[in-house]
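# Report on the structure
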Amino acid sequence: MAAAAKHFDISQLPSLKNGMSVEDEAVKRRKTCRFIEEAGRVLKLPRVAISTAEVFFHRFYAKHSFADHDRFEVAVACIVLSAKTEESPRKLNHVIDECYKLKLGAVQAGRISAGGASAVSTSSTALDPKSQEFSKLKQRILLLERVILHSIGFELSIDHPYKFLVDLIKKLVQKRKVEYINPAPNMSPPQLTAKLSNELVQNAMNLANDSMQTSLCLQFPPKDIAVATVYLAGNFAKVKPATKGADWIEVLGNPDVESLASISLQIIELIVDRKGVNQEAFQKVKNEINRLKERDSGADYGDEKPPAPEGPD
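This write-up is about the structure you can find in this document. (Residues numbered from 1 in each chain as written. Predicted model: local features only at pLDDT ≥ 70, side-chain atom pairs only at ≥ 80, totals over all residues. Heavy atoms only, no water.)

## Remarks on the overall build of the protein
Spelled out, the test is: Put simply, DSSP marks the helices as runs of H or I at least four residues long and the strands as runs of E at least two long, and each gets a number from the N terminus on. Summary of the burial criterion: residues with accessible area below 20% of their type's maximum are buried, those above 50% are exposed, and those between are partly exposed, where the area comes from a 1.4 Å probe applied to protein chains only. Contact between two residues is taken to exist if any of their heavy atoms lie within 4.5 Å; hydrogens are not considered. For accessible areas, the Shrake-Rupley method is used with a probe of radius 1.4 Å. Any residue's cover is judged against the shown protein chains and nothing else.
Scanning the protein from terminus to terminus reveals 13 helices and two strands. Buried positions account for 45% of the 313 residues belonging to the protein. Within the protein, residue pairs in contact and separated by at least 24 positions form 74% of the contacts whose partners lie at least 6 positions apart. Within the structure as shown, the protein displays about 16,800 Å² of accessible surface, and the carbon and sulfur contribution to it stands at 51%.

Printed below as a string of structure tokens:
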């Protein structure tokens, strides 16, 4: 079984060292990434550009404290840089204008405070491109773009989980490694196969998008995140391994169980409170993850079976 491959120890994040709680740090990441995603939709950026902006943002705040830079200005600079990187450039003035209006809307709705270097006036609807305020904000964004480049070591080529998860699902479906627990009786085998593939890809893509709001891209390689999204997608779609006696770990190519569990649980914790989410389904997946972790704890016994437990802990 492959060893766990963590990229970064989140306990070393600068904001945490400055006294910010783990929960507050995670909330700032999540809220700002949602801002990046909304801005990306308004600017009609491709999904990969939005995800790259989020990775830039996470990597920047792996080197800097939230206390040192206005996170919304950093987000705007990440969007500008990502759009260029992913060959979908947008005019800087347009990006600043749309992002300012989004922030203004959030302030007026009470979702964020109006403070910070890019404080907004709740009486305004947009910034005048000819104003001194706009000019100063533009200069700060340009400066931050250079700071971000230095902070990420000019590493602009970003691998995301998407390709890995699509390839994995294609392999699982083509080799008939997975199947529905209760297949629809009125569908032909080709129809079921197409439905299975589409549902797994859509679910896994959505979960991969959700993962971008967390620091998972700092903690694990994109391939590990992809495997976890396929695992969760299968469970939520009521899909099981097709081979009798096989489990998900075997079907997924024996990934590191600790990594799979950590990634899966972090994604679940992110989305579990959303409206319309099936709480029972989430609990079943969490129970399954715990079962896999308990089983994996006997991995060091080699071919021998671990001693049977004497009773519950």
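Let us keep going from here.
## Observations concerning the pattern of salt bridges
The test is simple: Each reported salt bridge corresponds to a side-chain nitrogen of Lys or Arg within 4 Å of a carboxyl oxygen of Asp or Glu.
The full count for this structure, using the stated rule, is 14 salt bridges. Residue E199 is joined to K195 by a salt bridge in which the shortest nitrogen-to-oxygen separation is 3.3 Å. With E199 and K195 both in helix α8 (residues 189–211) and four residues apart, the pair spans about one turn of that helix. A relative accessible area of 26% places E199 in the partly exposed class. In this structure, a network of salt bridges that share partners links the residues E37, R47 and E54.

## Notes on the packing of aromatic side chains
We apply this condition: The rule is short: rings of Phe, Tyr and Trp, with Trp giving its six-membered ring, pair when the centres are within 6.5 Å, and they are stacked under 30 degrees, edge-to-face over 60, tilted in between.
If you walk through the whole model with that rule in mind, you get six aromatic pairs. Relative to F66, the ring of Y61 has its centre 4.0 Å away and its plane inclined at 15°; by these criteria the two rings are stacked. The burial state of Y61 is the same as that of F66; both residues are buried. An aromatic cluster is defined as three or more aromatic residues linked by ring pairs; in this entry it consists of F57, F60, Y61 and F66.

## Some details on the packing of helix α7 (residues 161–174) against α8
Note the threshold: The axes used here are C-alpha line fits, helices contributing only the stretch in contact, and every angle between their N-to-C directions lies in the interval 0 to 180 degrees. In what follows, roughly perpendicular refers to angles from 65 to 115 degrees, roughly parallel to angles under 35, roughly antiparallel to angles over 145, and oblique to any angle outside these ranges. Each crossing is labelled by how the near helix is turned from the far one, with a counterclockwise turn of less than a right angle marking it left-handed and a clockwise turn marking it right-handed. When residues are grouped by polarity, Ala, Val, Leu, Ile, Met, Phe, Trp, Tyr, Cys and Pro land in nonpolar, Asp, Glu, Lys and Arg in charged, and all others, Gly among them, in polar.
Two elements in contact, α7 and α8, have axes separated by 10 Å at closest approach and are oriented at 155°. By the angle between their axes, α7 is roughly antiparallel relative to α8. The handedness of the crossing between α7 and α8 comes out as right-handed. The residues of α8 that touch α7, namely those facing P161, Y162, L165, V166, I169 and V173, are T193, L196, S197, L200, V201, A204, M205, A208 and N209. Tallied by class, residues from the contact of α7 with α8 come to 12 nonpolar, three polar and no charged.

## As for the environment of I148
By the secondary structure assignment, I148 is in helix α6 (residues 132–151). With a relative accessible area of 0%, I148 lands in the buried category. Remark: the alpha-carbon pair of I148 and Y61, spanning 87 residues in sequence, is separated by 9.5 Å. In this structure, I148 is in contact with F60, V74, A77, C78 and L81, ignoring residues within four places of it in sequence.

## Remarks on unusual backbone geometry
Of note, the phi angle at F154 is positive, near 55°, even though the residue is not glycine. Along the chain, F154 turns up in the loop between α6 and α7. The phi torsion at R176 lies on the positive side, around 55°, for a residue other than glycine. By secondary structure assignment, the location of R176 is in the loop between α7 and β1 (178–180).

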